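Coordinate inspection notes
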Amino acid sequence: MTVRLLLADDHPVVRAGLRAVLDTEADFEVVAEAATAERAVELAAREPVDVVLMDLQFGPGMHGSEATALITSRPGAPRVLVLTTYDTDADILAAVEAGAAGYLLKDAPPEELAAAVRTAAAGRSALAPAVALRLMDRMRTPAEALTKRELEVLQLVADGLSNQQISKRLFLSQATVKSHLVHVYAKLGVDSRTAAVAAAATRRLIRTP
């Protein structure tokens, strides 16, 4: 059975490289490409696609996790395999919660990529070993792990947003934002926004600019 693919990445060179690798597999067919997350959502709904290879960062506009959630919310939707350079807890949890069938890093060898595509197409989960390990570590120490919302708040702090801006972005009260940060400080063993961002970045919980 042929696995029909949609490549969603804002870098033409990356898409060309992926296509070159995937074209070597006799049972793969790249049927469409998208340079934006919005375009990926549109094509996934219109084209006969089995698996979407989805980047997370598309510059201004929709994030890959948002596109993943929109794509997977439709009945009979294609499977989404995230293919990114980011292996932070914030990115992984957002993608998994959005409905991604797998999460792979862009430095994966071609045979691992091909195997992940076939696994996703078959309806199973395909996680890079490093990603699976991070998820297992979170499960082993749930009391110490930052929740998805705490990671979202801390990521926005790292992006330079104030509590007021974060409250508007996430539709939370400022008191709730402060409460999340108090929990973050306690879990990370720090006492300031700057220290929290530094500690989280060191542990690869969030991305820093």
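Before reading on, note that the structure itself is shown above.
What follows is about the overall build of the chain. Of regular secondary structure, the chain possesses ten helices and six strands. The principal-axis extent of the C-alpha atoms belonging to the chain is close to 55 × 30 × 30 Å. Counting only residues that meet the buried cut, the chain has 45% of its 209 residues in that class. Across the chain, contacts joining residues at least 24 apart in sequence account for 61% of those joining residues at least 6 apart. Taken as a whole, the chain presents about 10200 Å² of accessible surface, with 56% of it coming from carbon and sulfur. Averaged over its 23 positive side-chain charges, the chain has a centre that lies 6 Å from the centre of its 26 negative ones.

Turning next to the packing of helix 7 (residues 148-158) against helix 10 (residues 193-202). The angle between the axes and the distance between the axes are what describe a pair of packed helices. It is at 10 Å that the axes of helix 7 and helix 10 come closest, and there the two elements cross at 110 degrees. The angle between helix 7 and helix 10 places the two elements in the roughly perpendicular class. Across from Leu154, Val157 and Ala158 in helix 7, the residues of helix 10 making contact are Arg193, Ala196, Val197 and Ala200. The residue inventory of the contact of helix 7 with helix 10, partitioned by class, reads six nonpolar, no polar and one charged.

Here we come to the packing of aromatic side chains. Within a pair of aromatic rings, the relevant descriptors are the distance that separates the centres and the angle that separates the planes. All chains considered together, the criterion is met by zero aromatic pairs. Here Arg207 stacks its cationic end above the ring of Tyr86, 4.4 Å away from the centre of that ring.

The next point concerns the nonpolar core. Ranked by internal contacts, the top residues of the largest apolar core, which has 27 residues, are Leu5, Leu22, Tyr103, Leu113 and Val117. Looking at this core, the elements that each hand over two or more residues are strand 1 (3-8), helix 1 (12-22), strand 2 (28-34), strand 3 (51-54), strand 4 (79-84), helix 4 (89-98), strand 5 (102-105) and helix 5 (110-121). No other element matches helix 5, which puts four residues into this core. Of all hydrophobic cores here, the second largest spans 24 residues; its members include Ala158, Leu170, Leu181 and Val197.

So, on to helix 10. Within helix 10, the full set of buried residues consists of Ala196, Val197, Ala199 and Ala200. All buried residues of helix 10 lie within an arc of 170 degrees about the axis, which places them on one face of the element. Set apart from the buried face of helix 10 by more than 90 degrees, the exposed residues are Thr194 and Thr202. The inward-facing, buried residues of helix 10 contact helix 7 and helix 9 (174-188).

A few words on unusual backbone geometry. Of note, the phi angle at Phe171 is positive, near 60 degrees, even though the residue is not glycine. Mapped onto the secondary structure, Phe171 falls in the loop between helix 8 (163-170) and helix 9. We classify Phe171 as exposed; its relative accessible area is 77%. With a phi close to 60 degrees, Arg204 is a non-glycine residue in the positive phi region. Looking at the element boundaries, Arg204 is found in the segment after helix 10.

Calculation criteria
Residues numbered from 1 in each chain as written. Predicted model: local features only at pLDDT ≥ 70, side-chain atom pairs only at ≥ 80, totals over all residues. Heavy atoms only, no water. Helix = DSSP H or I, 4+ residues; strand = E, 2+ residues; numbered from the N terminus. Buried < 20%, exposed > 50% of the residue type's maximum accessible area, 1.4 Å probe, protein only. Contact = heavy atoms within 4.5 Å. Areas by Shrake-Rupley, 256 points an atom, 1.4 Å probe, with all protein chains shown as cover. Lys, Arg positive; Asp, Glu negative; His and termini not counted. Charge placed at Lys NZ, Arg CZ, Asp CG, Glu CD. Axes fitted to C-alpha atoms, helices over the stretch in contact; angles between N-to-C directions. Parallel < 35°, antiparallel > 145°, perpendicular 65-115°, else oblique. Nonpolar A, V, L, I, M, F, W, Y, C, P; charged D, E, K, R; others polar. Phe/Tyr/Trp six-rings, centres within 6.5 Å; stacked < 30°, edge-to-face > 60°. Lys NZ or Arg CZ within 6 Å of the ring centre and 35° of its normal. Core = buried A, V, L, I, M, F, W, Y, C linked by side-chain atoms within 4.5 Å. Arc of directions from axis to C-beta.

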